[in-house]
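# Examining the three-dimensional arrangement
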Amino acid sequence: MKIHEYQAKQLFAAAGVPVPKGIVARTPEEAAAAFKQLGGPIAVVKSQIHAGGRGKGTFKEQSQQRGVVLVKSAQDAKDNAARMLGNTLVTKQTGPEGKQVNVLYVEQGLDIARELYLGIVVDRGMGGACLIMSSEGGMEIEEVAAHTPEKILKEPIDVDYGIFPYQARNMAFRLGLEGPALKSTEAFLKKLGRFFLDSDCSMTEINPLVVTKQGEMLALDAKVSFDDNAMFRHEKFKELRDLAEENPMEVRAGEAGLSFVKLEGNIGCLVNGAGLAMSTMDLIKLHGGQPANFLDVGGGANVDQVTEAFRILLADKNVRGVLVNIFGGIMKCDTIVEALLGAYEKVGFNVPLVVRLEGTNVEKAREMLAASGRPITSANGLTDAAKKIVAAI
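In this report, the structure presented in the accompanying data block is examined. (Residues numbered from 1 in each chain as written. Predicted model: local features only at pLDDT ≥ 70, side-chain atom pairs only at ≥ 80, totals over all residues. Heavy atoms only, no water.)

The next thing to look at is the environment of Ala 379. Relative to the elements of secondary structure, Ala 379 occurs in the loop between strand S19 (377–378) and helix H12 (382–392). By relative accessible area, Ala 379 is classed as buried at 4%. Residues contacting Ala 379, with those up to four places away along its chain left out, are Val 354, Val 355, Arg 356, Asp 384, Ala 385 and Lys 388. (Helix = DSSP H or I, 4+ residues; strand = E, 2+ residues; numbered from the N terminus. Buried < 20%, exposed > 50% of the residue type's maximum accessible area, 1.4 Å probe, protein only. Contact = heavy atoms within 4.5 Å.)

Attention now moves to the packing of helix H7 (residues 248–255) against helix H9 (residues 303–315). Two elements in contact, H7 and H9, have axes separated by 10 Å at closest approach and are oriented at 175 degrees. Considering the angle they form, H7 stands roughly antiparallel to H9. On H9, the residues that touch Met 249, Arg 252 and Ala 253 of H7 are Glu 308, Arg 311, Ile 312 and Ala 315. Of the residues belonging to the contact of H7 with H9, the class tally is four nonpolar, no polar and three charged. (Axes fitted to C-alpha atoms, helices over the stretch in contact; angles between N-to-C directions. Parallel < 35°, antiparallel > 145°, perpendicular 65-115°, else oblique. Nonpolar A, V, L, I, M, F, W, Y, C, P; charged D, E, K, R; others polar.)

For the rest of this paragraph, the subject is the nonpolar core. Leu 118 and Phe 188 are the most contacted members of the largest nonpolar core, which has 40 residues in total. Those elements that provide at least two residues to this core are helix H1 (5–14), strand S8 (112–123), strand S9 (128–134), helix H5 (165–174), helix H6 (180–198), strand S11 (201–212), strand S12 (217–219) and strand S13 (223–226). With eight residues, H6 is the single largest residue contributor to this core. (Core = buried A, V, L, I, M, F, W, Y, C linked by side-chain atoms within 4.5 Å.)

Strands belonging to one sheet form pairs held by backbone hydrogen bonds; the direction of such a pair is parallel or antiparallel. Strand order in the open sheet made by the three strands is S3-S5-S6, with antiparallel pairing throughout. Because the sheet does not close on itself, it has two edges, and the strands there are strand S3 (58–59) and strand S6 (99–100). Pairing analysis gives two bridges linking strand S5 (residues 88–90) to S6, with the strands arranged antiparallel. Counted as the bridge partner of Thr 88 is Gln 100 from S6. (Pairing = 2+ DSSP bridges.)

Attention shifts here to the sheet that holds strand S1 (residues 22–25). The four strands are arranged S1-S7-S2-S4 in an open sheet whose pairing can be described as antiparallel. Pairing within the sheet leaves two strands with one partner each, and these edge strands are S1 and strand S4 (68–71). Direction aside, the axes of adjacent strands within the sheet are offset by 20 degrees on average. The pairing of strand S2 (residues 43–47) with strand S7 (residues 104–108) spans five bridges and is classified as antiparallel.

Listed below in structure tokens is the structure:
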């Protein structure tokens, strides 16, 4: 689950991680009032969307307008807010369709001495969380990794303790920090590491992480995502979810207990099991097709869930064919066929449908399909199924 920058900074502040002063604004008038309340000669008005690159992104209707703007007066803040709110911001991470800006964050200006990069991620190679830092703050970390990988510094994070003081000092020395900044780094990293572990984060990124001329380290940006599987331990975080930032089809699938990810292709995939879903998409690609989604109904879905899965697939206007690939274990093949035939009655299919079934009650399921009289193509094996659906669209 992703959250907005302002929400992440509120959580940082509660955990003792230093952040600049900032105020949320949802109208131009609120942005002007926020500037006055902050009381400084300058402030920054930031678009709040679930995507990076906002400072370099541009709005569809005003291509010269950036998603993050420096302002020097309350009127300036109000005018920029009026241009930003309700407009669509396009960045490298949003794709050409962009995301609509519905909320802004007005933040105090700072006297910045240095900009750094900081990220904490789950590193499968290390078998745990990993602290990543770089002297190249404000740059895309992928670009740094590609062109100057020696500038990326890493430290493993102990799952119980967090970031040890010696690790924080080591990072500070390697980044060339000294004096007050050295002490500030040690405290900052300790608290941020603890936040990452205690909150069950899957990723925390601060770019840029700044050091002021007074030697204070502050999170100038904040990007946080949580492990969905740990949300039962953090009920309060669910209130931070912004459904307007998520794909409506993915939200609908989640409410039905289904795992669904929207993709850019035209072949809908209904599969049980994540591994089988990945294999199905790979074979579709291998034989010249493009999967439209990842949809895993899981091992214990009922008829209603599977019927809803078909509704979601068919609601996608890009879908020109559907491949059902089921290996029956707990999820019985005849249950899938029952739901499929029910979907024909309740929703209706207007695209080619290829079905591959194996496992529990497979013979019964095949008999049900044959007796239905529906124009459904049966397949024997994964490769046969992929070839048939690609040929059918």
